[in-house]
Amino acid sequence: MKDEHISRTRDFVRTSEAAEMLGVSYFTVYEYIREKRLAAELIGGIYMLPRKAVEEFKPKPTGRVRTKPPPWRVYRAGAKVRGMHIRVRARKGQQEQLAKKLNTIQEEQRHLFPGTMQRYIFEDEENPANVTISLIWKDTEMPDETAVQQDLVAFREELANVLDWETAEYTIKRAIIHT
């Protein structure tokens, strides 16, 4: 009986299994761990989560829940919103390492791309190896092209072992209206 209790209390799952159990991405599981909303132990460089904690976890929205969506708008005085979107593939078997690196980048507040008003890194829900990086600037605050390229080079270098930059597709867009 005692051994059965011990085996139940030592029943752990990996972040990818927790993500599947919760119906979220493993990036979200790392966020829950970082926010200390979900218990985890770092074992041999891999986060392990108690199965019971994952089964009982109830995700709550962070921040204030919007009661109504924000209105569409345009900037006054001719300012425009510009975005750079980079589609790139994670290297085979490197998705957990990518999540760890992105978590560290966030915790250490690195690669902020000065002047950005929003930065997002998305994974495709159907194929998590497909990653989209979105950087959004108000054009009056966007640095010159040289500064943007220097920031991108440093970002690519840091993630070179987890993202296949040879697959990267870059697009620049201008917002017509936004929230």
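Each residue is numbered by its place in its chain's sequence as written, counting from 1. Residues qualify for local features only when their pLDDT is at least 70, as the model is predicted, and side-chain atom pairs are given and counted only at 80 or more; totals for whole chains, interfaces and linings, by contrast, use all residues. Values reported for side chains reflect all heavy atoms of the structure, with hydrogen atoms and water molecules removed beforehand.

As a rule, the C-alpha atoms of each element are fitted with a line to give its axis, helices using only the stretch in contact, and angles between N-to-C directions run from 0 to 180 degrees. A run of DSSP states H or I qualifies as a helix once it reaches four residues; a run of E qualifies as a strand once it reaches two. Both are numbered from the N-terminal end. It is the contact of helix α2 (residues 15-22) with helix α3 (residues 26-34), at a shortest axis distance of 8 Å, that shows an interaxial angle of 100 degrees. With respect to α3, the element α2 is oriented roughly perpendicular. Note on element contacts: α3 touches α2 through Y26, V29, Y30, Y32 and I33, opposite T15, A18, A19 and L22. Amino acids outside the nonpolar list (Ala, Val, Leu, Ile, Met, Phe, Trp, Tyr, Cys, Pro) and the charged list (Asp, Glu, Lys, Arg) are all regarded as polar, and Gly is one of them. When grouped by side-chain class, the residues that make up the contact of α2 with α3 number eight nonpolar, one polar and no charged. Throughout this description, any angle smaller than 35 degrees is read as roughly parallel, any larger than 145 degrees as roughly antiparallel, any in the 65 to 115 degree range as roughly perpendicular, and the remainder as oblique. Residues are treated as being in contact if the distance between any of their heavy atoms lies within 4.5 Å.

The next point concerns the nonpolar core. The biggest cluster of nonpolar side chains holds 34 residues, and the ones touching the most others in it are L49, L98, I133, L159, L163 and W165. Those elements that place two or more of their residues in this core are α2, α3, β4 (81-90), α5 (95-107), β6 (130-138), α6 (145-158) and β7 (163-174). Looking at which element gives the most residues to this core, the answer is α3, with six residues. The term nonpolar core refers to a set of buried residues drawn from Ala, Val, Leu, Ile, Met, Phe, Trp, Tyr and Cys, joined through side-chain atoms within 4.5 Å. Partly exposed describes any residue whose relative accessible area lies between the buried limit of under 20% and the exposed limit of over 50%, with all areas from a 1.4 Å probe on protein chains only and scaled to the type maximum.

Attention now goes to α3. Every buried residue of α3 is accounted for by Y26, F27, V29, Y30, Y32 and I33. Buried-residue contacts for α3 involve α2, β3 (46-50), α5 and β5 (116-123).

What follows deals with the packing of α3 against α5. Interhelical geometry of α3 versus α5 gives an angle of 40 degrees and a closest axis separation of 10 Å. The pairing of α3 with α5 is recorded here as oblique in orientation. In this structure, α3 crosses over α5, and the sense of that crossing is right-handed. Facing Y26, F27, Y30, E31 and R34 of α3, the residues of α5 in contact are Q95, E96, L98, A99, K100, L102, N103, Q106 and E107. Residue composition of the contact of α3 with α5, grouped by class: six nonpolar, three polar and five charged. Left-handed is the label given to a crossing in which the near helix is rotated counterclockwise from the far helix by less than a right angle, and right-handed is the label when the rotation is clockwise.

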